[in-house]
Amino acid sequence: MHSIRLTAAVAALALSASLATALAGPAAAAPQAAPVPPGQGRSLALAAADKAADSGLDELRHGADEDLVRTAVTPWANGLYYAAYQRTYRGLPVVGGDAVVLSDSAGKVRDIAAAPAPAIRIPTTAKVTAAAALATARAQLATVESASTPELTVLLKGDKPVLTWHTRVVGRTAADAPSALDTYVDARTGGVARSTDKILHADGRGYHDGNVTIDTAASSMTDPNRSGFKCGGQNGSAYTGSSPWGNGGANDLVTACVDIMYAAQKEHSMLKEWFGYNGQNGQGGMVPARAGLSEVNAYYDGTKTTYGRNQNGTNQLTGIDVVAHEYGHEIFDRTPGSSGSSNENGGLNESTGDIFGALTEHYANNPNDTPDYTVGEKLNFLGDNKPIRYMYNPSLHSNDPNCYTQLNSGTEVHAAAGPQNHWFYLLAEGSNPGGGKPGSPICSGGPSSVTGIGIQKAGKIFMGALLSKTSSWNHLAARKATLASAKNTYGSAECNAVKAAWNAVAVPAQSGETDCGGTTTPDFSLALNPSSGSVQPGASVTSTVNTSTTGGSAQTVQLSASGAPSGVTVSFSPTSVTSGGSSTMTVQVAAGTAQGTYPITVTGTGSATHTVTYQLSVGTTTPPTGCDGTEYTYRGTLSSGQAQAQPDGSYYYSAGSGTHVGCLRGPAGTDFDLYLQKWNGANWADVAVGGTEGADEDVRYNGTAGYYRYVVHAYSGSGAYTLGISAP
């Protein structure tokens, strides 16, 4: 047996706890199903999301050689969960085509966001070596400090998939500016397919914050509570000494680190207390900080934040809003979709930093830096004693655009922050807030006025939207995501406020956006179990089409199929169901049907139309035999690296003690593994493992009553398998 066989595919299943009520129920011959274990809300939500991804629901459609792999889960308000997925192609990561599914603790899919992705059909053998690609990537910078090992990656460049070598190169440009380039070198031609700079700049005792309390180690400026966070000079080492830190001087760098740590820690606490979000990186920590850059600049590069001085050299650029802005870039980078490559995406990233700067100022409520909606107002960035951005009226700085209609593809990214900054102010404060707060103009065609809902609510809606972000993020996607976040997190009134604020900055309504009405719009969801199957010519294969009511009352859903090749017919029994019910889909393959893999689109039509995709393999593999002595038999098909839970993507309940027997027969020449797992009250835990270097595995386990499932994992090789099981 290998010492470690539990790869990411199996680990994802182990975390998902895919329970029966969220998936298709076990087949009629399956072992007994019982009520789900305690703590099932997360399990039901993730099972629903995983099944939607596996079935290719609507925008989640993917080809036979593609998979959507769950990479992150974020719990949210009201029992909601955001599940993020990365697309892969033949085991290679795909840049683009990522997705997020929002589901609830009842096992219903609430919302889907997915970056557009063409069908991927390209060879995966590189003609350009990794070494040559690395040399090309390094040549993009004048000086190089470090470069990551190239990774073979599929880059979606518009509608065209390109096989590339991806590497990140850190150094400085010919203009001596800091740079961290995500570089994609075409693996067939050797040219640069895309190069995106990860560094995001803020143009150009605590000194700014006064005497404050910060969390540090006893003898260094290292945060003992927030992983990865420390502050020091340009060499990357944390400053050492003891409390009280700094001398309050304008250009004392230890003092600058006091300001940095105070602001970053306040932002961290704000995220947790106001939004229930676990720090800037979503995992309780944040990147380290460096003070003392001898430039008019502050930036985030994916691994650290760095802070310089103002134009006149009179102070360091470490005010609350600037520090929180830079760590706002980390939030944008570490939420689904990461940072995109367009100017519009960059503008939304800059705006995200500004929004988190304003949120942190309001949370900290520090009398030395009172809350406002301007950026850098205390720092005299450019020597003119003015802020560098005005969220309530962006045009006050260099005539930056207030309205979405003023943007174009060449708008500089800091200027392009204007429309979303303007939207956030209107949502939080309104167009005429009073109380000494500035009024905010409304763009042509917008409402006569906008009433704010308060910065804390506005911030939580915005944070929820970021958890639905994909790599194709733009203002139109942000409108849809914030409407869904508002309706799911709060309700109709807040949703309508979000809509009014977007209308006020001229971001138009989008097809399929959330209905803010006080009643729930009738809707349903589809899922296939299994979502793929193998069959020989002259035979048939079946799958269960499961439906669920996701909005309003249950409704009639008419089922149909399209895309079947010649010789293949698809039927449903019954042909229509009431949402919440299921139908058996039979795919009949005539003798003489050409071998191959065919995507079949299954459509459900009711108050809305939804689709899922069934991947049919004809004549390519035959499920092996050899488990005839077991009570129940299940079959499936796996690509290398994939895993499936059985029975039927679910689990079974054993009411008494006894012996569990699992018999796996995989395709010849492959390495398939078998895991028997038991629910321990919080997770699925392995209780028996068959992990030899071969296609066949047998496991036996004497266990007590409880919930069990099997996981079949294609460690290497692809094809059809047969699983036989017996249970006490």
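Below is a short write-up of the structure. (Residues numbered from 1 in each chain as written. Predicted model: local features only at pLDDT ≥ 70, side-chain atom pairs only at ≥ 80, totals over all residues. Heavy atoms only, no water.)

1. Observations concerning the sheet that holds strand β30 (residues 658–665)
Reading across the sheet, the 4 strands line up as β27-β35-β30-β33 and stay open at both edges, with antiparallel pairing between neighbours. Strand pairing shows two members of the sheet lacking a second neighbour, β27 (632–638) and β33 (696–703), which therefore form its edges. When the angles between neighbouring strand axes are averaged without regard to direction, this sheet yields 15°. For β27 and strand β35 (residues 719–726), the ladder comprises 7 bridges, and the chain directions are antiparallel. Note that in β35 the partner of Tyr632 across the bridge is Ile725. (Pairing = 2+ DSSP bridges. Helix = DSSP H or I, 4+ residues; strand = E, 2+ residues; numbered from the N terminus. Axes fitted to C-alpha atoms, helices over the stretch in contact; angles between N-to-C directions.)

2. As for the packing of aromatic side chains
One pass over the full model with this rule turns up 20 aromatic pairs. Each ring, one from Trp679 and one from Trp684, has its centre 5.3 Å from the other, and the planes form 65°; the classification is edge-to-face. Taken as a pair, Trp679 and Trp684 share a single burial class, namely buried. An aromatic cluster of at least three residues, connected via ring pairs, comprises Phe356, Trp423, Phe424, Phe462 and Trp502. Against the face of Tyr490 rests Lys457, its NZ or CZ located 5.2 Å from the ring centre. One Lys or Arg, Lys469, reaches over the ring of Phe332 and ends 4.3 Å from the middle of that ring. (Phe/Tyr/Trp six-rings, centres within 6.5 Å; stacked < 30°, edge-to-face > 60°. Buried < 20%, exposed > 50% of the residue type's maximum accessible area, 1.4 Å probe, protein only. Lys NZ or Arg CZ within 6 Å of the ring centre and 35° of its normal.)

3. A few points about the sheet that holds strand β21 (residues 556–562)
On the basis of which strands lie adjacent, the open sheet formed by 5 strands has the order β19-β26-β25-β21-β23 and mixed pairing. Strands with a single pairing partner mark the edges of an open sheet, and in this sheet they are β19 (532–535) and β23 (576–578). For this sheet, the mean inter-axis angle between neighbouring strands, taken without regard to orientation, is 30°. The sheet contact formed by β19 and strand β26 (residues 609–618) spans 4 bridges and is parallel. Its bridge partner lying in β26, Ser534 is registered against Ser617.

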